[in-house]
Amino acid sequence: MSNTIWSVDEHLEDVLAAVEPLEPIELQLPDAQGCVLVEDVTVPLALPPFDNSSMDGYAVRVADVAGASEEFPAVLTVIGDVAAGSGELPSVGPGEAARIMTGAPLPPGAEAVVPVEWTDGGTGGGAATGMRAASDAPEGASGEVRVHRPAEARAHVRARGSDVQAGDLALAAGTVLGPPQIGLLAAIGRGTVKVRPRPRVVVVSTGSELVQPGEKLGEGQIYDSNSFALAAAARDAGAIAYRVGAVTDDAETLRATVEDQLIRADLLVTTGGVSVGAYDVVKEALSSVGDEDEPGGGIDFRKLAMQPGKPQGFGSIGPDHTPLLALPGNPVSSYVSFELFVRPAIRTLMGLPDVHRPRARAALRTDKALTSPAARRQFLRGTYDEGASAVTPVGGSGSHLIAALAQADCLIVIPEDVTSVEPGSEVEVVLLG
């Protein structure tokens, strides 16, 4: 540990330089959600793959219904039924019609579809209100239908390839696969797809004073909130998160826990035990766990010119040089540190082009000037009003005020060289989604 003070940007640069996107793998569609596509996907077949009906009704020839009206309906012979998924199709000749369901292929000979509402539905009565199921239609698919309106060629027909043509680019490499993209892949028949997998992030909280929520608090104990907040933040960033509840302040136990977790981690995050106290167990446990064969391996504990979150640790550990970020134990410090350093690392592992939270400029809404320590970049919690391009601080600057964090939707950034910000001044804000 040196006495150098690192800037926020230097530390972030250091972290991102050490993190490589994960190797692509072939995944089944359900497992590929949230992953980044690493190949262009072209359309193997046209969608829809055949001309099909956009209505329930009758497939007809245009000439047969020309000039039809309620007074003088066109009377056609019903020769069969075409349901969605039909294989053998009846051929529609002059004076004929086939009952057809939405999505069913247009049968040969037919040029248009007349909706059932334009007909008597084969009942010989007035206008039909809907298609009856084949089993409910006493005339089956035979008998006659009266058509009360003419139809133009291709009326109510969805053309083959009107959605996408074979050979079109369906999805470009770099696309994040959300529900509509997964749906498109399924629609063009792709069962698997090549993606960068979601990173596996293991979150370990340390501290003998920590108790799991739902258990009883003893004297001098507090609930472990960090492991829950950070595991949730990792999932929110796109990772698969594994939470390891509070490990006691014992270096051997912690080292064993971390080594056990390496098997399922692409990234390790610890929280607590990194500052300069006598019981800073993370430092004690991990300072000696180097990558012996790796120059610059092991964990470097450093001081950053930021508030909150001054003590940070970073490095790699174990046989696969798994990156590890050691965050402070203060709930707000650990969350702010996660947003600034861990989230971009997760998104780099995913191979995303944009790893940072969006930022905006906003006018500061306060009653009095905000103070900020010299030579430190301060991150205050705030609520952002997009319409007014304004931001209001919530809670004080204390790094333990977790209630204020739950009200915040952004971080207000006060640069290192600014010690006071007047009400109404323009500040930079980091938007927390």
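Residues numbered from 1 in each chain as written. Predicted model: local features only at pLDDT ≥ 70, side-chain atom pairs only at ≥ 80, totals over all residues. Heavy atoms only, no water.

- Under an unreviewed UniProt entry, the name given to the protein chain is Molybdopterin molybdenumtransferase, and the source organism is Streptomyces noboritoensis.
- Annotation of the protein chain in UniProt includes, under Sequence similarities (unreviewed entry), the sentence "Belongs to the MoeA family."
- The UniProt entry for the protein chain carries the following comment under Pathway (unreviewed entry): "Cofactor biosynthesis; molybdopterin biosynthesis." (UniProt positions renumbered as here; feature names shortened; annotations may be inferred.)

1. Some points on the overall build of the protein chain
Then step 1. Helix and strand counts for the protein chain come out as eight helices and 29 strands.
Then step 2. Here the C-alpha radius of gyration of the protein chain, 32 Å, is well above what a compact globule of 433 residues would show, namely 22 Å.
Then step 3. Expressed as a percentage of its 433 residues, the buried residues of the protein chain come to 46%.
Then step 4. Within the protein chain, contacts between residues at least 6 apart in sequence are counted, and of these 71% link residues at least 24 apart.
Then step 5. For the protein chain, the exposed surface amounts to about 19800 Å²; the carbon and sulfur share of it is 51%.
Then step 6. Computed over 32 positive and 57 negative side-chain charges, the separation of the two mean positions in the protein chain equals 3 Å. (Helix = DSSP H or I, 4+ residues; strand = E, 2+ residues; numbered from the N terminus. Rg over C-alpha atoms; globule rule 2.2 N^0.38 Å. Buried < 20%, exposed > 50% of the residue type's maximum accessible area, 1.4 Å probe, protein only. Contact = heavy atoms within 4.5 Å. Areas by Shrake-Rupley, 256 points an atom, 1.4 Å probe, with all protein chains shown as cover. Lys, Arg positive; Asp, Glu negative; His and termini not counted. Charge placed at Lys NZ, Arg CZ, Asp CG, Glu CD.)

2. What to know about the domain arrangement of the protein chain
Then step 1. Under the domain assignment used here, the protein chain contains domain 1 (5-22 + 197-349), domain 2 (26-47 + 176-195), domain 3 (52-158) and domain 4 (359-431).
Then step 2. The distance between the C-alpha centroids of domain 2 and domain 4 comes to 41 Å. (Domains from an automatic or database assignment.)

3. Some words on a negative patch on the surface
Then step 1. Among the surface-exposed residues, Glu209, Asp249, Asp250 and Glu284 lie close enough to one another that they form a single negatively charged patch.
Then step 2. Tracing the sequence through the fold places Asp250 in the loop between strand E17 (240-247) and helix H5 (251-261).
Then step 3. Of the residues examined, Asp250 reaches a relative accessible area of 34% and is grouped as partly exposed. (Patch = residues over 30% accessible without salt bridge, like charges linked within 9 Å, V, L, I, M, F, W, Y side chains within 5 Å. Salt bridge = Lys/Arg side-chain N within 4 Å of Asp/Glu carboxyl O.)

4. Some points on the packing of aromatic side chains
Then step 1. For the coordinates displayed, the defined rule picks out zero aromatic pairs.
Then step 2. Sitting above the plane of the Trp118 ring, Arg149 keeps its charged end 4.0 Å from the centroid.
Then step 3. We note Arg243 situated over the ring of Phe228; from NZ or CZ to the ring centre the distance is 3.8 Å. (Phe/Tyr/Trp six-rings, centres within 6.5 Å; stacked < 30°, edge-to-face > 60°. Lys NZ or Arg CZ within 6 Å of the ring centre and 35° of its normal.)

5. A word on the environment of Lys216
Then step 1. Note that Lys216 resides in the loop between strand E15 (210-211) and strand E16 (222-223).
Then step 2. Looking at Lys216, the relative accessible area reads 76%, which means it is exposed.
Then step 3. Not counting residues up to four positions away in its chain, the partners in contact with Lys216 are Val211 and Gln221.

6. Observations concerning the sheet that holds strand E22 (residues 322-327)
Then step 1. Taking strand neighbours across the sheet as the criterion, the seven strands line up as E1-E19-E21-E22-E18-E14-E17 in an open arrangement whose pairing is mixed. Lying at the two open borders of the sheet, with one neighbouring strand each, are strand E1 (5-6) and E17.
Then step 2. Taken together, the two bridges between E1 and strand E19 (residues 298-304) define a ladder with parallel strand orientation. Within E19, the position partnered with Ile5 by the bridge is Lys303. (Pairing = 2+ DSSP bridges.)

7. A closer look at unusual backbone geometry
Then step 1. In this structure, Pro48 follows Leu47 across a cis peptide bond, with omega equal to -15 degrees.
Then step 2. Secondary-structure assignment places Pro48 in the loop between strand E4 (41-42) and strand E5 (52-53).
Then step 3. In this structure, the amide linkage connecting Gln307 to the following residue, Pro308, adopts the cis form with an omega of -5 degrees.
Then step 4. Mapped onto the elements, Pro308 comes out in the loop between strand E20 (306-307) and strand E21 (311-317).
Then step 5. At His156, a position not held by glycine, the phi torsion is positive, near 60 degrees.
Then step 6. In this structure His156 comes out as partly exposed when scored by relative accessible area, which is 23%.
Then step 7. Residues other than glycine seldom take positive phi values, yet Ala375 does so here, at roughly 65 degrees.
Then step 8. The topology assignment puts Ala375 in the loop between strand E24 (370-371) and strand E25 (377-385).
Then step 9. Residue Ala375 is classed as exposed on the basis of its relative accessible area of 54%.

8. Quick word on the side chain of Arg357
Then step 1. On the secondary structure map, Arg357 appears in the loop between helix H7 (331-349) and strand E23 (359-364).
Then step 2. Using a relative accessible area of 12% as the deciding quantity, one classes Arg357 as buried.
Then step 3. Within the local environment of Arg357, its side chain forms a polar contact with the side chain of Asp236, the two groups lying 3.4 Å apart.
Then step 4. A polar contact of 2.8 Å, which involves the side chain of Arg357, links it to the side chain of Glu339.
Then step 5. Dropping the residues within four chain positions of it, Arg357 is found in contact with Asp236, Glu339, Arg343, Val430, Leu431, Leu432 and Gly433. (Polar contact = N/O pair within 3.5 Å; in protein donor to acceptor, adjacent residues only side chain to side chain.)

9. Some details on the environment of Leu254
Then step 1. Within the fold, Leu254 resides in helix H5.
Then step 2. Taking the relative accessible area as the measure of exposure, Leu254 reaches 0% and is therefore buried.
Then step 3. For the pair Leu254 and Val204, spaced 50 residues apart in the sequence, the C-alpha separation amounts to 9.0 Å.

10. Quick word on the packing of helix H1 (residues 8-17) against H7
Then step 1. Contact geometry of H1 with H7 gives a least axis separation of 10 Å together with a crossing angle of 30 degrees. Taken together, the axes of H1 and H7 are roughly parallel relative to one another. Relative to H7, the crossing made by H1 is right-handed. Listed contacts from H7 to Val8, His11, Leu12, Val15 and Leu16 of H1 are Leu340, Phe341, Pro344, Ala345 and Thr348.
Then step 2. For the contact of H1 with H7, a count of residues per class yields eight nonpolar, two polar and no charged. (Axes fitted to C-alpha atoms, helices over the stretch in contact; angles between N-to-C directions. Parallel < 35°, antiparallel > 145°, perpendicular 65-115°, else oblique. Left-handed = near helix turned anticlockwise from the far one by under 90°. Nonpolar A, V, L, I, M, F, W, Y, C, P; charged D, E, K, R; others polar.)

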